[in-house]
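Chain residues, written in single-letter form:
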Amino acid sequence: MDWHQLWKITAAPDNIPIVAMLFLVPFFTWLGLKQARENDRLIEQLERDPQLAKTHHRKTLPWRPGWARELHVWPFLIRIEFLAAVIVTVILFVWSITLDAPLEEPANPNLTMNPSKAPWYFLGLQEMLVYFDPWIAGVVMPSLIMVGLMVFPYVDSNPFGNGYYTIKQRRFALGMFGIGWLTWIALIIIGTFIRGPGWIWFWPGQTWDHNAVVFDKNRDLHDFVGITSMPAKIIFGAIVVGLFYVLAGLLLHKLMTWNGFERKLLARTSLLQYVMFQFFAISVLIALPVKIALRLALNIKYVWVTPWFNV
Amino acid sequence: MEPESPESKTGKPGGITTKPGVTTRTGVGLLEKAREESLALKDRALDEAKAYKDPQQTQLWKSIFRVSHERSDPRNRSLAVLSNVFLHLHPAKINRDAVRYGFTWGMGGITFYLFIVLTFTGVLLMFYYHPTKVQAFRDILYLEHDVPFGKLLRNMHRWAAHLMIITTWLHMFRVVLTGSYKRPREFNWCVGVVLLVLTLLLSFTGYLLPDDQLGFWAVTVGTNMARATPMFGSEGPFGPQLGMTPFNDVRFGLLGGSIVDSNALLRSYIWHCIGIPLVASIFMAVHFWRIRKDGGISGPAPVMLESEMKAKKP
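Throughout, residues of each chain are indexed from 1 in the direction in which the sequence is written. By the order in which they are written, chains take letters starting at A while ligands take numbers starting at 1. Confidence filtering applies because this is a predicted model: local features only for residues at pLDDT of at least 70, side-chain atom pairs given and counted only at 80 or more, and all residues used for totals across whole chains, interfaces and linings. Think of the side-chain values as coming from all heavy atoms in the structure, minus any hydrogens and water.

### Here we look at unusual backbone geometry
For residues besides glycine, phi is generally negative; the peptide bonds are generally trans as well.
Stage number 1. The omega torsion of the bond from Trp-74 of chain A to Pro-75 of chain A falls at 10°, within 30 degrees of zero and hence cis.
Stage number 2. Secondary structure elements follow DSSP: runs of H or I of four or more residues count as helices, runs of E of two or more count as strands, with numbering from the N terminus. Here Pro-75 of chain A is to be found in helix α4 (residues 73-76).
Stage number 3. With an omega of 10°, the peptide bond between Arg-183 of chain B and Pro-184 of chain B qualifies as cis.
Stage number 4. Although it is not a glycine, Arg-58 of chain A adopts a positive phi angle of roughly 65°.
Stage number 5. Relative to the assigned elements, Arg-58 of chain A resides in the loop between α3 (50-55) and β1 (70-72).
Stage number 6. Its identity as a non-glycine residue notwithstanding, Asp-211 of chain B has a phi of 60°, on the positive side.
Stage number 7. Within the element layout of this structure, Asp-211 of chain B appears in the loop between α8 (186-208) and α9 (213-226).
Stage number 8. Three labels apply to residues, based on accessible area from a 1.4 Å probe with only protein chains included: buried if under 20% of the type maximum, exposed if over 50%, partly exposed otherwise in between. Using a relative accessible area of 6% as the deciding quantity, one classes Asp-211 of chain B as buried.

### A word on α8 of chain B
Stage number 1. Here a helix's expected span is defined as the number of its residues, less one, multiplied by 1.5 Å. For α8 of chain B, with 23 residues, the first-to-last C-alpha span of 35 Å sits near the 33 Å given by 1.5 Å per residue.
Stage number 2. Most of α8 of chain B sits out of view: 18 of its 23 residues are buried.

### What about the packing of helix α5 (residues 107-126) of chain B against helix α7 (residues 150-177) of chain B?
All names here are of chain B.
Stage number 1. Closest axis-to-axis distance for the α5/α7 pair is 9 Å, and the angle between their directions is 155°. It follows that α5 is roughly antiparallel to α7 by the angle criterion. You can see that α5 and α7 cross each other, and the crossing is left-handed. Judged by residue contacts, Met-107, Gly-108, Ile-110, Thr-111, Leu-114, Phe-115, Val-117, Leu-118, Thr-121, Gly-122, Leu-124 and Leu-125 of α5 engage Leu-153, Arg-154, Met-156, His-157, Ala-160, Ala-161, Leu-163, Met-164, Thr-167, Thr-168, Leu-170 and His-171 from α7. Axis lines are fitted to C-alpha atoms, over the contacting stretch for helices. Their N-to-C directions set the angle, which ranges from 0 to 180 degrees. Oblique is the label for any angle not under 35 degrees, not over 145, and not in the 65 to 115 range, which are roughly parallel, roughly antiparallel and roughly perpendicular in turn. We call a crossing left-handed when the near helix sits turned anticlockwise from the far one by less than a right angle, and right-handed when that turn is clockwise. Note on contacts: a residue pair is in contact if any heavy atoms of the two residues lie within 4.5 Å.

### Section: α5 of chain B
Stage number 1. Under the 1.5 Å per step criterion, the end-to-end length of α5 of chain B is 28 Å for 20 residues, consistent within 8% with the ideal 28 Å.
Stage number 2. Of all the residues in α5 of chain B, the buried ones are Met-107, Ile-110, Thr-111, Leu-114, Phe-115, Val-117, Leu-118, Thr-121, Gly-122 and Leu-125 of chain B.

### Considering the interface of chain B and chain A
Stage number 1. Tallying the contact residues gives 98 residues for chain B and 106 residues for chain A.
Stage number 2. Two parts placed together each lose some accessible area under a 1.4 Å probe, and the buried area is that loss summed for both. Summed over both partners, the interface of chain B with chain A comes to about 9,700 Å²; 71% of that surface belongs to carbon and sulfur atoms.
Stage number 3. Salt bridge, as applied in this entry: a Lys or Arg side-chain nitrogen positioned within 4 Å of an Asp or Glu carboxyl oxygen. Counting the contacts that link chain B with chain A gives 6 salt bridges.
Stage number 4. For Lys-182 of chain B, the salt bridge is made with Asp-156 of chain A, and the minimal N-O distance between the two is 3.7 Å.
Stage number 5. We define a polar contact as two N or O atoms separated by no more than 3.5 Å, with the added condition that, inside protein, one atom must be a possible hydrogen donor and the other a possible acceptor, whereas residues neighbouring each other in sequence contribute only through side-chain atom pairs. At the boundary of chain B with chain A, the tally comes to 48 residue pairs in polar contact (both at pLDDT 80 or more).
Stage number 6. For the side of chain B that touches chain A, the secondary-structure elements that each account for two or more residues are α3 (74-82), β1 (93-95), α4 (101-104), α5, α6 (136-145), α7, α8 and α9 of chain B.
Stage number 7. In the sheet, β1 of chain A pairs with β1 of chain B via 3 bridges, with the strands oriented antiparallel. Looking at the pairing, His-72 of chain A lines up with Lys-93 of chain B of β1 of chain B. Pairing between strands requires that DSSP locate at least two bridges from one strand to the other.

Given below as structure tokens:
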């Protein structure tokens, strides 16, 4: 166990934010889920007692008759904003006084940095380069993620949970977002803490060996079935990718019809919403972890090889 | 009040006048008159100074702040927000639960505050920085070692940028958890996604500016991906078939050349300091405007029961 190596990675000034994220993300997840659980309990209680549901103010927050429904922004909101600004400023000052921004040697095109890493928030994309060709990892995936995020509110036909935390009423949507969010964070963590010189996998605490060579025998999927001719490879790959879409689509459909509540939600979903959701969910949320698993566990490089592009 | 010399016989108000008719004992008369007039001036000054004890009653104050800040008057509290250009994005009143930071986490507001901090520190940094291959790295050294508080300035700019990305992500995370992207806020969510991308791009374009190994290679890796853009990259699928070479593809356009060099530095600088902040400001204006137009922040809203789900409108 090389604690020094681990410390060097963790304490690199530019990695401080991602180390902070290791604490911030669980904390805020807890904070959100705590309120979701409270709301879910209230929902259950009100579902059981329709009489109470008629009179209840429907929040877990305190409420007494006679309280004003609204508050003046000045000073009740402005003072919070002002305090937040002061606190953030103090944090920034302390952070900037105690920790210096990194500055390496002057840029030198003749001396390649190894490992040469992007800033931490782009390490997810850089790590994707291991699993996909640059045109997918660098261009297609980011575009799909961006457009997919924008499509998200339009394909989510669930009317519940608009403006309050809940898990019970939004299991599917939160699950889907959770997969994407966790994959993204996981890729960044791999890129930050695990990838060393030559972008080789070093477990946390393993010494970075600049002379390390890995003899991975990367194979394409068609090698497993012994296909050698190019036309056969093209057809085989297309069939595999098509099959993947069908199977993943069936899996998602199964989840969307899991119980009566989910089926009711599905009934509200238009055909276009359904197809759009399936496309983005399969192409990003499912394809990404599947390809990562194929590569890391089975050393499979491509599943579809053509003369023009490889997937 | 009107100061008037008691000896003034002309009857003209306010004027310190000489009396043309009096010729005897001129010296004494003048001295006395001067003393009396100066006393009267002092009284007048003291009198006027009393009025300044309450600065809110002065013309200067009233010209700046149109509204009296009398706290007990609810109308004034509303006007304090509505008549202030910096606060006017707020409504006068909000739902009593909307101020709970346990619900919003305050991440959107903090992100905007960090943008202001970054603009401020960024402008100061621009006074010391030349986006040229000869000067850039030396300017950073100069900032770190010679400019008063230069190191603090650079550190703050760097860490505020990182913090802004964290708060942007957490803001998005909260919006998903509370379902705030749902009707009628779908479009504002899209504006938010664009702002997220712009935030990342702002940070990335700033990475190259110190012109050190870290930035150089990060940008090299980043822009090499652009080479693989389908159809528009020289190494992307169908790129070569469409006539793309390293000297006319999308990467060339980003870098202003086929390698990361002085043109790339200049382009990066202009995108970082002018281009992207301008675009981001426009999107921010829309983002904040739409929060109001879509009915303020989404919650904490009353919970809905499953038994109350209405059939979808045709």
